[in-house]
Amino acid sequence: MSALRGAVLAALLCLAVVAQVVVFRYVAIDGVVPDLALILVVVAAIDRGPRFAACLGFAAGLLLDLAPPADHVAGRWALALVVVGYLAGRVRQDARSSLLTAVLVVGAASFVGTSIYAFSGVVLGDGGLPVDQMLRIIVTSVLWDLLLAPLMVPVLLWLFAVTRPLGDRAGDRAVDRAIDRTGDERARVVL
Amino acid sequence: MLRASGLLDRSRSRRSAGRATGGPTPDRRARRTFALLVLASLTIITLDARTGSHSPLDPARTAVGTLVGPMESATAAAFRPFTDVSGAFRTNQALRTEMSRLKAQNSALQARLAATPVDRARLAELDGITKSVGDTGYSMVAARVVAMGPMQSFSRTVTIDAGTSSGVRKDMTVLNSDGLVGRVVRATETTATVLLIVDTDSVVGGRLGTNLEIGFLRGRGSADNTGRLTLDLVDNSVVPSKDDVVVTWGSKNGVPYVAGIPIGRVESVVSSPRQSSRLAVIKPFVDFTALDVVAVVVPKSTQGDRPVLTAGAPK
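The model shown is predicted, which means the values in this text are computed figures rather than measured ones. Each chain carries its own residue numbering, running from 1 in the written order of its sequence. Here every chain gets a letter starting at A, and every ligand a number starting at 1, in the order they are written. In keeping with the model being predicted, local features are shown solely for residues with a pLDDT of at least 70 and side-chain atom pairs are shown and tallied solely at 80 or more, while totals for entire chains, interfaces and linings include all residues.

(A) Representation of the overall build of chain A within the structure. Secondary structure elements follow DSSP: runs of H or I no shorter than four residues count as helices, runs of E no shorter than two count as strands, and numbering proceeds from the N terminus. Summing up its helical and strand segments, chain A has 8 helices and 0 strands in all. Reading the helices (α) and strands (β) of chain A from amino to carboxyl end gives α-α-α-α-α-α-α-α. Once C-beta atoms are placed from the backbone, each residue is buried if 20 or more other C-beta atoms lie within 10 Å of its own, exposed if 12 or fewer, and partly exposed for counts between those two. For chain A, buried positions account for 51% of its 191 residues. By the convention adopted here, residues make contact when the C-beta atoms placed from their backbones lie within 7 Å. Considering only contacts within chain A whose residues lie at least 6 apart along the sequence, 71% involve residues at least 24 apart.

What follows is the structure in structure tokens.
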């Protein structure tokens, strides 16, 4: 069962990365395509929390870094998607409330992820572009992701719900609520 | 493994949620995992960036390429019939308009060809460059572009569906019917990664068609459809003229670029006051957004699983 779920996840990851470079290049805007892998990581964060999403982000990023047309310093997308997964996981309770907020989280995650990637390139001196061009690319990719998120998020959420262990579902929600409460209380104490 | 740790995490979190104090909270565990993964990413970046051409990540790249490359080829092949869907919806009228436009363009081009002083000398010189390639020749292996790197990665690379099994190796010239496309930077058994000349990491030795002056062409990595190159001439006193053709001047044994491949045309000349040199902006002949069939220049003796084409290069 666990192996099957792992396989489903791996297949999804490969599908996202391959579709990004093969299928979407025909509809690319100035060469910019939607970040399918990033959307997958954000949905994982919304459904499973920051820890799981950070791990998935690392795997997805590494695949993006190493899979064929990539020719940048490996680890840059991995770093970006780890951060994206973790941050999206931290705001998951808000993101869960409605599709609109989930889509907005995807947009924010897209901005953060691509910016981290761009920034790491500037630091490493790897494949730099003028800042105005970089900004234009980042904005285009955010718009792409916002466009695709309403279609992808429900499907992926459903897939994650289906592949989740059976006995876990009810318990999970109870745990989340409990964490929510304790988290809120702690926050109140701090305040 | 991810699942197992996830379950562990959940059971712990259930307990800690009950107790609310003591033991690692899920928050802390997530933070720890996050820190570890960030460190792992930074380690990989450092390893890959510091070691240059002999990166310890190369075996991993090859392994992933061997696995994902065929997936990309298969997906591209399956998806190819749909890429021309827009063509099916074009009306007769649109096609007729297109044809008359092309006819007009054709006659204009022919007129320009007759009018331009494309003298014999230039042709002879180009021929000379072609001959100097020597034994490398112009044997080619045809391939198709299956994947294009996203612009979010700020680099311009494509995957082609020919690899070492067809004789394609690192540092080989890639061109199409219009001109120079790029060079092979990495090859697996069935696929190869090509760095396009418009990428900011790409440097090509170029020669002006009219006065044979040499210089270096750097990609500008432009995000828009009109990728441009910058030509930096070795001799600063030379002013490139507009519409002059730039060809590769090639290097020893044709690695990584063979000589005499047309690259582009001089679009404008910019002189920077800071340096005394002049930069020429080159418009490449190749349309990089619509790459499909390309050819890789291979040595004559290449044996592979696909036919080696020998172009009509004078010997």
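Picking up after the structure, the text goes on.
(B) Focus on the packing of helix H2 (residues 36–48) of chain A against helix H4 (residues 76–90) of chain A. All names here are of chain A. Here an angle of 0 to 180 degrees is reported between the N-to-C directions of two axes, which are lines fitted to C-alpha atoms, with helices fitted over the stretch in contact. Direction vectors running N to C along H2 and H4 enclose 35°, while the axes themselves pass 8 Å from each other. Remark: the crossing between H2 and H4 carries right-handed chirality. Of H4, the residues touching H2 (which contributes Leu38, Val41, Val42, Ala44, Ala45 and Ile46) are Leu81, Val84, Gly85, Ala88 and Gly89. Gly counts as polar in this scheme, as do all residues outside two lists: the nonpolar Ala, Val, Leu, Ile, Met, Phe, Trp, Tyr, Cys and Pro, and the charged Asp, Glu, Lys and Arg. A per-class count over the contact of H2 with H4 returns 9 nonpolar, 2 polar and no charged. By convention the crossing between two helices is left-handed if the near helix lies anticlockwise of the far one by an angle smaller than a right angle, and right-handed if it lies clockwise.

(C) Quick peek at H4(A). Take the residue count of a helix, subtract one, and multiply by 1.5 Å to get its expected span. In a regular helix each residue adds 1.5 Å, so 15 residues correspond to 21 Å; H4(A) covers 22 Å between its end C-alpha atoms and thus fits that length. With 14 of its 15 residues buried, H4(A) lies for the most part within the structure.

(D) How the structure looks around the sheet that holds strand S8 (residues 229–233) of chain B. Residue and element names in this part refer to chain B. Strands pair, by our definition, only if DSSP identifies at least two bridges between them. Strands sit in the order S6-S7-S8-S11-S10-S9 around a closed barrel of 6 strands; the barrel is antiparallel. Ignoring which end each strand starts from, the neighbouring axes of this sheet average 40° apart. As paired elements, strand S10 (residues 262–271) and strand S11 (residues 278–284) share 7 bridges and run antiparallel to each other. The residue bridging Val266 from the neighbouring strand is Ile282, located in S11.

(E) Broad picture of the environment of A:Leu40. Residues and elements named next belong to chain A. With respect to the helices and strands, Leu40 occurs in helix H2. Residue Leu40 is classed as buried on the basis of its C-beta count, with 26 C-beta atoms lying within 10 Å. Sequence separation between Leu40 and Ala149 is 109 residues, and the spatial gap between their C-alpha atoms is 9.7 Å. The contacts of Leu40, once residues within four sequence positions are left out, are Leu12, Leu13, Ala16, Ala60 and Leu156.

(F) Here's a closer look at the confidence of the model for chain B. Residues and elements named next belong to chain B. One confidence number per residue, pLDDT, is output by the predictor and ranges from 0 to 100. Considering every residue of chain B, the mean pLDDT works out to 75; 75% of them sit at 70 or more. The spread of mean pLDDT over the elements of chain B runs between helix H1 (residues 2–19), the lowest at 43, and strand S5 (residues 192–196), the highest at 91. Taken as a whole, residues 1–21 scores under 50 in pLDDT and shows 26 contacts with residues more than four places along the chain or in a different chain. Counting contacts from residues 128–136, a segment whose pLDDT is below 50, to residues more than four positions away or on other chains yields 18 contacts. Among the prediction metrics, the complex's ipTM stands at 0.76, with pTM recorded as 0.73.

(G) The arrangement of unusual backbone geometry in detail. Residues and elements named next belong to chain B. One non-glycine residue, Phe154, lies in positive phi territory at about 55°. Among the residues examined, Phe154 registers 26 C-beta atoms within 10 Å and is labelled buried. The backbone of Asp243 sits at a positive phi, close to 70°, despite the residue not being glycine. Tracing the backbone shows Asp243 in the loop between S8 and strand S9 (245–248).

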